[in-house]
Each structure stands twice: as structure tokens, then as C-alpha cells.
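Breakdown of the fold
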Amino acid sequence: MKTVLLTGATGGIGKALVKELGSLGYIIIAIDKDESELNKLNSEFNNIKSYIVADLSQAQIIPILAKDLESNYDHIDVLINCAGVGIYNDLENLTEAEWDLTFNVNIKAPFFLSQKLLPLLRKSEKPIIMNIGSEAGTRGRPGRSVYTATKFAMRGFSLSLSQELKDITTTLITLGSVMTNFGKLNIDEKKELQKEGKKYLTPEEVAKRLVEILESDEIKEEYVLNP
């Protein structure tokens, strides 16, 4: 059985991943800041080995988290950096707190989690780091400067790791629009846009494709998933 460390486990994509990974026998170490949602997730799925309440916007907890994991696990097969924050705001209205929160969760946490968990990943026979990116990391959009900046950073980070880490497979998932509550619009608002022709991936479609990638014999450095 392979062990997966999944951040953002209670989000739309995270929860779908827990279900899809469980169907193939993967076991999950689930990380999220919402304890009540983690409790619900743990009671719903039997493939969660443990869950950890952690606010990844607080960078100082990552070394502590890594030490705890090293004390309790002999290896990690897959790290999925799925946690994210979608703050959309015009430059003139953007606050420093919004900037810090977005960068801390979207790029600082994946960076240092990947770094601190290298020893556990290297004990796996086929270690994988999977980073969840966005098409926002490929082009600019008005009102999304800080979010887009983090996704450009994620893309550069992940593609660099794919060349740097010869013993660990690193892959970036560049996602188009997904039908979740992430970002400025909630699911109901997105469904209204869908009626007008806007296309969205479902979390289940994303999760299925991500697990197919993890199961592949050869994994590319980047996959682009659009609706």
C-alpha cells in the first residue's frame, strides 16, 4: 500500500482525491486547517491513516510538522500539494495580509513541505511530488495579480524540481476551471455561468485523472487539464 500526504484534504478536489485514491488502496495522511471537516472526512473514508490539523499559512509549523511525520512514518510515497487560497482583488485594494496569506499557502508551504519531506520521500521506491497549479500560472488576468503571481511561482518551482530531483518524480498539474467553491465564485454562481456556456471540470474528473497520472509508468513534468 502506498502512503500519500495530501494537503487541502477537505476541499473539493482534496475530498475527491481521498475517495479516488482509496478505491485503489492508497492510504492518506490528510492535512487541513479545518478540524471539523477533517473529522467528517475521517468518518466517511476508511483509507485515512491519520489526519493533521495545520494552518499552512503559518510557515513556522512546517519544520515541526515534518519532524512529527518522521517520528511516525518510515516513508511517504507521494506528496500532493493541493492546498490553495484564491484571493481575487484589484491592485489598489489588495492588502498586505491578503498578499502574505496567498503567498504563504500557495507557494511557501509547498516549497518548504517538499524540502523538509525529502528524507521521507527518498525512502520510497517510487517517490512522487505532485503540485496542483493553475492556468493562471500561464497568463495574466485583471483583478488576480497576487493569485496569478503565486501560480507562476508554482509553475517555475515545480518545473525546476522536475529537473533538479533526479531521484524523485515531480509533476505539475495545470488546471482549468473546476466546479468547487474555490475562488471568488461559489458553486451555485458557477452553475449559473455553466448554463450560459462556461465549462468546468468536476472535482471527480480531476481526481480520476490525477490518480491515473500517479499510476502511470512514466510521469511527465506537466499536465494541462482543461474542461
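The protein has the name SDR family oxidoreductase in an unreviewed UniProt entry, where Candidatus Dojkabacteria bacterium is given as its organism. Note on the protein: under the UniProt heading Sequence similarities (unreviewed entry), the record states "Belongs to the short-chain dehydrogenases/reductases (SDR) family."

On to the overall build of the protein, then. In terms of helices and strands, the protein carries eight helices and seven strands. In terms of overall dimensions, the protein is globule-like: its C-alpha atoms have a radius of gyration of 17 Å, near the 17 Å expected for 227 residues. Projected onto its principal axes, the C-alpha positions of the protein cover 45 × 35 × 35 Å. For the protein, the accessible surface area stands at approximately 11400 Å², while carbon and sulfur atoms represent 48% of it. Taken as two groups, the 27 positive and 32 negative side-chain charges of the protein have centres that lie 3 Å from each other.

Counting residues in hydrophobic clusters, the biggest one holds 34 residues, and the most contacted among them are Leu17, Leu21, Ile80, Ile173, Leu175 and Leu210. Counting residues per element, this core draws most heavily on helix H8 (residues 203–214), at six residues. Apart from residues no more than four positions distant in its own chain, Leu210 is found in contact with Leu17, Met130, Ile132, Ile173 and Leu225. In terms of nonpolar packing, the next biggest core, distinct from the first, is built from 33 residues, Ile31, Leu65, Phe157 and Leu161 among them.

Quick look at the packing of aromatic side chains now. In the structure shown here, the tally under the stated rule is five aromatic pairs. Joined through ring pairs, the aromatic side chains of Tyr88, Tyr147 and Phe182 make up one cluster. Positioned above the aromatic ring of Tyr88, the side-chain terminus of Arg144 is 4.2 Å from the ring centre. Looking at Lys198, its charged tip hangs above the ring of Tyr200, at a distance of 5.6 Å from the centre.

Tallied over the entire structure, the rule returns eight salt bridges. Across the salt bridge formed by Glu44 and Lys15, the nearest N and O atoms sit 3.3 Å from each other. Here Glu44, found in helix H2 (residues 35–44), pairs with Lys15, found in helix H1 (residues 12–23); they are 29 residues apart in sequence, far enough to count as distant. Residue classification places Glu44 among the partly exposed positions, given a relative accessible area of 48%. For the salt bridge of Glu135 with Arg139, the shortest nitrogen-to-oxygen distance reads 3.0 Å.

On the secondary structure map, Leu5 appears in strand S1 (residues 3–7). For the pair Leu5 and Ala136, spaced 131 residues apart in sequence, the C-alpha separation works out to 25 Å. For Leu5, the contacting residues outside a window of four places in its chain are Ile29, Ile31, Leu69, Ile76, Val78, Leu79, Ile80 and Leu117.

By the element assignment, Glu135 lies in the loop between strand S5 (128–134) and helix H6 (145–164). The exposure class of Glu135 is buried, given its relative accessible area of 16%. Filtering out sequence-adjacent residues up to four positions away, Glu135 remains in contact with Arg141, Thr174, Leu175 and Gly176.

We now examine the side chain of Glu222. Considering the arrangement of structural elements, one finds Glu222 in strand S7 (residues 222–225). What makes Glu222 buried here is its relative accessible area of 17%. Polar side-chain contacts of Glu222 include one of 2.8 Å to the side chain of Arg155. In contact with Glu222, other than residues within four places in its own chain, are Arg155, Leu159, Thr171, Leu172 and Thr174.

Reading guide: rules and limits
Residues numbered from 1 in each chain as written. Predicted model: local features only at pLDDT ≥ 70, side-chain atom pairs only at ≥ 80, totals over all residues. Heavy atoms only, no water. UniProt positions renumbered as here; feature names shortened; annotations may be inferred. Helix = DSSP H or I, 4+ residues; strand = E, 2+ residues; numbered from the N terminus. Rg over C-alpha atoms; globule rule 2.2 N^0.38 Å. Areas by Shrake-Rupley, 256 points an atom, 1.4 Å probe, with all protein chains shown as cover. Lys, Arg positive; Asp, Glu negative; His and termini not counted. Charge placed at Lys NZ, Arg CZ, Asp CG, Glu CD. Core = buried A, V, L, I, M, F, W, Y, C linked by side-chain atoms within 4.5 Å. Buried < 20%, exposed > 50% of the residue type's maximum accessible area, 1.4 Å probe, protein only. Contact = heavy atoms within 4.5 Å. Phe/Tyr/Trp six-rings, centres within 6.5 Å; stacked < 30°, edge-to-face > 60°. Lys NZ or Arg CZ within 6 Å of the ring centre and 35° of its normal. Salt bridge = Lys/Arg side-chain N within 4 Å of Asp/Glu carboxyl O. Polar contact = N/O pair within 3.5 Å; in protein donor to acceptor, adjacent residues only side chain to side chain.

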